Number of protein chains: 2
Amino acid sequence: MSIRRTTVKAALESPSPCPEIRVMGWVRTRRDAKGFSFLELNDGSCLGNLQVIIDDTAEGADLVKALGVGASVAVTGELVASPGKGQRYEVRAASVSLLGAADPETYPLQKKRHSDEFLRTIAHLRPRTNKYGAMLRIRAALAHGIHDYFAKEGFALVHTPVITGSDCEGAGEMFRVTTLGPEAAALPVAERLSQDFFGKEAMLTVSGQLSAEPLACALGRVYTFGPTFRAEHSDTSRHAAEFWMLEPEMAFADLEDNMNLAESLVTHLVRLVLAECAEDFGLFAKFVDPTLPATLENLLAEPFVRLPYVEAVDILTSCKKAFQYPVAFGADLQSEHERYLAEEHFKRPVIVYDYPKDIKAFYMRQNDDGKTVGAMDVLVPGIGELVGGSAREERLDRLEARIAELGLPLEAYWWYLDTRRFGTVPHAGFGLGFERLVMLVTGVTNIRDVMAFPRTWRHLEF
Amino acid sequence: MSIRRTTVKAALESPSPCPEIRVMGWVRTRRDAKGFSFLELNDGSCLGNLQVIIDDTAEGADLVKALGVGASVAVTGELVASPGKGQRYEVRAASVSLLGAADPETYPLQKKRHSDEFLRTIAHLRPRTNKYGAMLRIRAALAHGIHDYFAKEGFALVHTPVITGSDCEGAGEMFRVTTLGPEAAALPVAERLSQDFFGKEAMLTVSGQLSAEPLACALGRVYTFGPTFRAEHSDTSRHAAEFWMLEPEMAFADLEDNMNLAESLVTHLVRLVLAECAEDFGLFAKFVDPTLPATLENLLAEPFVRLPYVEAVDILTSCKKAFQYPVAFGADLQSEHERYLAEEHFKRPVIVYDYPKDIKAFYMRQNDDGKTVGAMDVLVPGIGELVGGSAREERLDRLEARIAELGLPLEAYWWYLDTRRFGTVPHAGFGLGFERLVMLVTGVTNIRDVMAFPRTWRHLEF
């Protein structure tokens, strides 16, 4: 027999009162008065609680006075207009039954403020708090908004592999994947590899791009959205070992199309959060970062600045700011520079493009100046780099020359080069770090607090 | 300057002719006649090609006679009603330019039928064929349909981690994840682990369920949809080392709710393919499996059969079929049994439920008979098991007893057990193998042919 219930969200948004309703959820607070008790009930369907009033004569009322914060209950009663402020409806209980108790002596989420650091140690329970519940709902809304956006724009979602051969991707520290135990290390390399699952070295991907390009060069417009991995030992508030990355790739597109797509996508998603997640967003605007509404409205107010790298360097070298890292043509922009441009100089998002080729990846399209490539980074206030992308080098001769110049193993790229060998087309794409997007719209400053179960250097709990 | 183009799909679906249109794509065929040539142009936006007619006097016409299959071109011309059958419009080219040639001597996708086995060796190019392009578009439509379905049903998408501690999941062969080279094997275990990235053993997840449960026990209804991994050395047509799994998890739900959700989801997605992917689906119905339309219409015609495991055993033991594996209460159903039930006995989908507890996982809800658990598998014709799920044991004492009974390390489950310790609620969920769903709706019989870049035992190309 199925379990019948109305969600708290549906009850609060009900078009009319209802003579009988059944709700289930967790007790957020209990308040007792003479002859009756109040429960604030939350079931995760929305930030708001449903107030339940239990007269001492209601069925199960004897249980209620023992209910602790976090206990789960089922309530049947009448949904009536609430005389209290801040809520349209409340429930007058006919009966209450206990689903699961929560001992106040041991349940960690008693009604008080907990530090983010403490809540990370109970990542399995923190989604029951207002803040982490709201974060997860906003995260889900953003993910769904991404899928909707790309479907409407004619992009096919593709699933690029997580396990990858080690030869191609190059950038960043990678995790190795194996089915062998440590004892296999005693074997000669060739024999060890032949005994391993794939018969060769296997790694966790740092980007789906190289797989997405051949798919874009067949389907036209594709995107991947999946987990990616960095084995960097950096213990910062912005890096996780496992994170989700969105990577659209477009055939028949150049760097300007790429910038247009990134700007359109980011502004669309910010608008979506403001419009569709107003209640959850309000929590972050109120308790996490009061400047958040202004920051996001400002992001939407005007087009993003588009700034060639050389002009960015001019601004950074001629400004009065003392940077930790020096700036000159040929140097990669550091976080401090990116944030200066977005937060202080322009005070809004900036797309820096045409970076020096020597600091960018081999596959980026070479500009005619011989010095720069068609790369672009979207820098946003509070975050720094949100998006990194480029036009891809579609000319076989130039791409092969660049691979050789960098001493990369040409033969490992045979299939990647085939997309340039046969019917090559101009194409472009970018990567957007999904957690950074969540940080942007919530004001949360630590990546560990915008993921359900973060994986970072030396942290693999839950 | 951005690249302006109309997609082939938009051109073919244009509400009216158009005096000037610019399209780009790959040449599928070229046919020359006296004074002009025909190109069939495809850009991946849909299965259909756009016919382009190039008069010998058009700009760039001299290039056209040298265009091979697979070459990419840009065409500007007039979109006019087509006198030919099977297409509403064609383009009369004013100019044609070559984007990228494809040498007929070396381009592998000449116009002829290629075997699936051969196409697997060029997985980077096979999306340019009709069949694999159609498969990838259907795959994308199904993925988007999943996200839409769950959003409408009030489920939040959650991202559960791919890298997991080794202690909990148990089932199946797992891949190990490490940043150490083989030389670390010489170290004592404790020292080796302390030097590794996470300071402990790390594996690739086989299921997001254990992470999804605490999230459902906070947000109410959640789902994960991401890559999962099995390091099994089985070289079958149904198993891949990396595959995508959809796992919804519902608080305040029991086994019947779970069956209802699975049936509603599967039928919704089959309807979606028939309604929204008619052109691509038509290819599979015509060339891959002519029984496909009837199979899917039949799946939608009546509710799924719901059959207790004991009755399934009765049917299997009393039928005349000679099975390779014997059937009796307590034996797990093999693929041959599952397919007999769905394909021969009922000739439609069957949900088998209440399996013996000894063949099912520790977390499944124990029934009052002491012998069975609230497990369910959805078996469909042609595939066998498409969905496997259960009501979860929400009673702390019974769950702890079962973990102890099975000799599993109780302390590793501390956080999982907390969801039962504090405000426990009845909950249920299932896993649906996404590639099996793609196989169901396309009639493709090998899992390697419903993924862009399959990873299987000893195969890690691309």
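Rules behind the numbers
Residues numbered from 1 in each chain as written. Chains lettered and ligands numbered in written order. Predicted model: local features only at pLDDT ≥ 70, side-chain atom pairs only at ≥ 80, totals over all residues. Heavy atoms only, no water. Helix = DSSP H or I, 4+ residues; strand = E, 2+ residues; numbered from the N terminus. Buried < 20%, exposed > 50% of the residue type's maximum accessible area, 1.4 Å probe, protein only. Contact = heavy atoms within 4.5 Å. Areas by Shrake-Rupley, 256 points an atom, 1.4 Å probe, with all protein chains shown as cover. Lys, Arg positive; Asp, Glu negative; His and termini not counted. Charge placed at Lys NZ, Arg CZ, Asp CG, Glu CD. Axes fitted to C-alpha atoms, helices over the stretch in contact; angles between N-to-C directions. Parallel < 35°, antiparallel > 145°, perpendicular 65-115°, else oblique. Left-handed = near helix turned anticlockwise from the far one by under 90°. Nonpolar A, V, L, I, M, F, W, Y, C, P; charged D, E, K, R; others polar. Arc of directions from axis to C-beta. Phe/Tyr/Trp six-rings, centres within 6.5 Å; stacked < 30°, edge-to-face > 60°. Lys NZ or Arg CZ within 6 Å of the ring centre and 35° of its normal. Pairing = 2+ DSSP bridges. Least-squares fit on C-alpha atoms with pLDDT ≥ 70 in both. Core = buried A, V, L, I, M, F, W, Y, C linked by side-chain atoms within 4.5 Å. Salt bridge = Lys/Arg side-chain N within 4 Å of Asp/Glu carboxyl O. Domains from an automatic or database assignment. Buried area = accessible area lost by both parts, 1.4 Å probe. Polar contact = N/O pair within 3.5 Å; in protein donor to acceptor, adjacent residues only side chain to side chain.

## Digging into the overall build of chain A
- When you go through chain A residue by residue, the secondary structure sums to 14 helices and 16 strands.
- Along the first, second and third principal axes, the C-alpha atoms of chain A reach 85 × 60 × 45 Å.
- A buried classification covers 60% of the 462 residues belonging to chain A.
- Partitioning the intrachain contacts of chain A with sequence separation of at least 6 by distance along the chain shows that 66% fall at a separation of at least 24.
- Carbon and sulfur atoms make up 52% of the accessible area of chain A, which amounts to about 17,700 Å² in all.
- Across chain A, the mean location of the 50 positive side-chain charges is 6 Å away from that of the 63 negative side-chain charges.

## A short note on the packing of helix 4 (residues 130–152) of chain A against helix 4 (residues 130–152) of chain B
- Between helix 4 of chain A and helix 4 of chain B, the least distance of the axes is 10 Å, while the angle of their chain directions is 130 degrees. Classified by the angle their axes make, helix 4 of chain A and helix 4 of chain B are oblique. Our pair here, helix 4 of chain A against helix 4 of chain B, has a crossing hand that is left-handed. Touching A:H144, A:H147, A:D148 and A:A151 of helix 4 of chain A are B:H144, B:H147, B:D148 and B:A151, all from helix 4 of chain B.
- Broken down by class, the residue content of the contact of helix 4 of chain A with helix 4 of chain B amounts to two nonpolar, four polar and two charged.

## Points about helix 9 (residues 292–301) of chain B
Residue and element names in this part refer to chain B.
- Of the residues making up helix 9, those classed as buried are L292, L296, L299 and L300. For helix 9, the angular spread of buried residues about the axis comes to 95 degrees, placing them on one side. For helix 9, the exposed residues set more than 90 degrees away from the buried face come down to A294 and A301.
- Of the surrounding secondary structure, the elements contacted by the buried residues of helix 9 are helix 7 (255–276), helix 8 (278–288) and helix 14 (434–442).

## A few points about the packing of aromatic side chains
- Counting across every chain of the model gives 46 aromatic pairs over all chains.
- The interplanar angle of 85 degrees and the centroid separation of 5.5 Å between the aromatic rings of B:F36 and B:F38 together place this pair among those described as edge-to-face.
- Arranged with centres 4.8 Å apart and planes meeting at 75 degrees, the rings of B:F197 and B:F198 form a pair that is edge-to-face. Here the two residues B:F197 and B:F198 agree in accessibility, since each one is buried.
- One aromatic cluster in this structure is built from A:F362, A:Y363, A:Y413, A:W414, A:W415, A:Y416, B:F453 and B:F462.
- Over the ring of B:Y355 we find B:K360, and its NZ or CZ is 4.2 Å from the ring centre.
- In this arrangement the basic side chain of B:K371 is found over the ring face of B:F329, its NZ or CZ atom lying 5.9 Å from the centre.

## A word on the sheet that holds strand 10 (residues 221–229) of chain A
Residues and elements named next belong to chain A.
- The sheet built from eight strands is open, its strands ordered 6-10-11-16-15-14-13-12 with mixed pairing. The sheet is open, and its two edges are formed by strand 6 (156–157) and strand 12 (305–308), each paired on a single side.
- The pairing of strand 12 with strand 13 (residues 350–356) spans four bridges and is parallel. Bridged to L307 within strand 13 is V352.
- Along the sheet, helix 11 (residues 335–345) contacts strand 12, strand 13, strand 14 (372–380) and strand 15 (384–392); its crossing angle with strand 14, the most-contacted strand, is approximately 60 degrees.

## A look at the relation of the copies chain B and chain A
- Of the transformation placing chain B onto chain A, the axial shift is 0.0 Å and the rotation is 180 degrees, giving an RMSD of 0.0 Å. Viewed as a symmetry operation, the transformation between the two copies matches a two-fold axis. Residues of chain B ranked by C-alpha distance from the rotation axis are headed by B:V177, positioned 2.4 Å from it.
- By residue overlap, the copies meet face to face through one surface: 100% of the interface positions of chain B are interface positions in chain A.

## Thoughts on the environment of B:F329
All names here are of chain B.
- Within the secondary structure, F329 is located in the loop between helix 10 (309–318) and helix 11 (335–345).
- A relative accessible area of 42% means that F329 is categorised as partly exposed.
- Between the alpha carbons of F329 and H144 there is a distance of 40 Å; along the sequence they are 185 residues apart.
- Excluding anything up to four places from it in sequence, F329 contacts Y309, V310, V313, P356, K371 and T372.

## With respect to the nonpolar core
- Counting residues in hydrophobic clusters, the biggest one holds 229 residues, and the most contacted among them are A:V352, A:M376, A:L440, B:V352 and B:L440.
- At 12 residues, the largest contribution of residues to this core is made by helix 4 of chain A.
- Excluding anything up to four places from it in sequence, B:V352 contacts B:L307, B:P308, B:Y309, B:A312, B:L333, B:L341, B:A375, B:M376, B:D377 and B:L379.

## Quick look at the pattern of salt bridges
- Taken as a whole and assessed by the stated rule, the structure comprises 55 salt bridges over all chains.
- The closest approach of N and O atoms between A:K200 and B:E461, which form a salt bridge, is 4.0 Å. Of this pair, A:K200 sits in the loop between helix 5 (189–195) and strand 9 (202–204) while B:E461 sits in the segment after helix 14, which puts the two residues in different chains.
- Using a relative accessible area of 40% as the deciding quantity, one classes B:E461 as partly exposed.
- One salt bridge connects B:E405 with B:R402, and the closest N-O pair in it is separated by 3.2 Å. On the criterion of helical spacing, the pair formed by B:E405 and B:R402 is a turn pair, its members being three residues apart in helix 12 (residues 396–405).
- For B:E405, a relative accessible area of 53% puts it in the exposed group.

## Here's the deal with unusual backbone geometry
- For A:R458, which is not glycine, the phi dihedral falls at a positive 70 degrees.
- Its place among the elements puts A:R458 in the segment after helix 14 (434–442).
- Residue classification places A:R458 among the partly exposed positions, given a relative accessible area of 34%.
- Phi is positive for B:K347, which is not a glycine, with a value near 55 degrees.
- Along the chain, B:K347 turns up in the loop between helix 11 and strand 13 (350–356).

## Let's talk about the domain arrangement of chain A
All names here are of chain A.
- The assigned domain composition of chain A is domain 1 (8–100) and domain 2 (126–171 + 206–450).
- The C-alpha centroid of domain 2 is placed 45 Å from the C-alpha centroid of domain 1.
- If you look at the interface, domain 1 gives eight residues, while domain 2 gives eight residues.
- Across the domain 1/domain 2 interface, buried area totals approximately 610 Å², and carbon plus sulfur atoms make up 44% of it.
- Ranking the residues of domain 1 by area buried against domain 2 places W26, R28 and L47 at the top, with a combined share of 73%.
- At the junction of domain 1 with domain 2, the criterion picks out zero salt bridges.
- Taken together, domain 1 and domain 2 are joined by four residue pairs in polar contact (both at pLDDT 80 or more).
- The class makeup of the residues in the side of domain 1 that touches domain 2 is three nonpolar, four polar and one charged.

## Brief notes about the sheet that holds strand 15 (residues 384–392) of chain B
Residue and element names in this part refer to chain B.
- Reading across from one edge, 6-10-11-16-15-14-13-12 is the order of the eight strands in this open sheet, with mixed pairing throughout. The strands lining the two open edges of the sheet, one partner per strand, are strand 6 (156–157) and strand 12 (305–308).
- Alignment of strand 6 against strand 10 (residues 221–229), held across two bridges, turns out to be parallel. Bridging from a neighbouring strand, L157 pairs with Y223 of strand 10.
- Across the face of the sheet, helix 4 comes into contact with strand 6, strand 10 and strand 11 (242–251) while running at roughly 150 degrees to strand 10.

## Let's talk about the interface of chain B and chain A
- Opposite the 113 residues of chain B that make contact, chain A presents 113 residues.
- Surface buried jointly by chain B and chain A totals about 9,000 Å² across both partners, of which 65% is contributed by carbon and sulfur atoms.
- When residues of chain B are sorted by the area they lose upon contact with chain A, B:H159, B:F197 and B:F252 head the list and together hold 10% of the total.
- Taken together, chain B and chain A are joined by 42 residue pairs in polar contact (both at pLDDT 80 or more).
- Looking at the side of chain B that touches chain A element by element, the count peaks at 10 residues for helix 4 of chain B.
- For the side of chain B that touches chain A, a count of residues per class yields 58 nonpolar, 31 polar and 24 charged.
- In this structure, strand 8 (residues 176–178) of chain A lies alongside strand 8 (residues 176–178) of chain B, joined through three bridges in antiparallel fashion. Considered in strand 8 of chain B, the bridge of A:R176 is made with B:T178.

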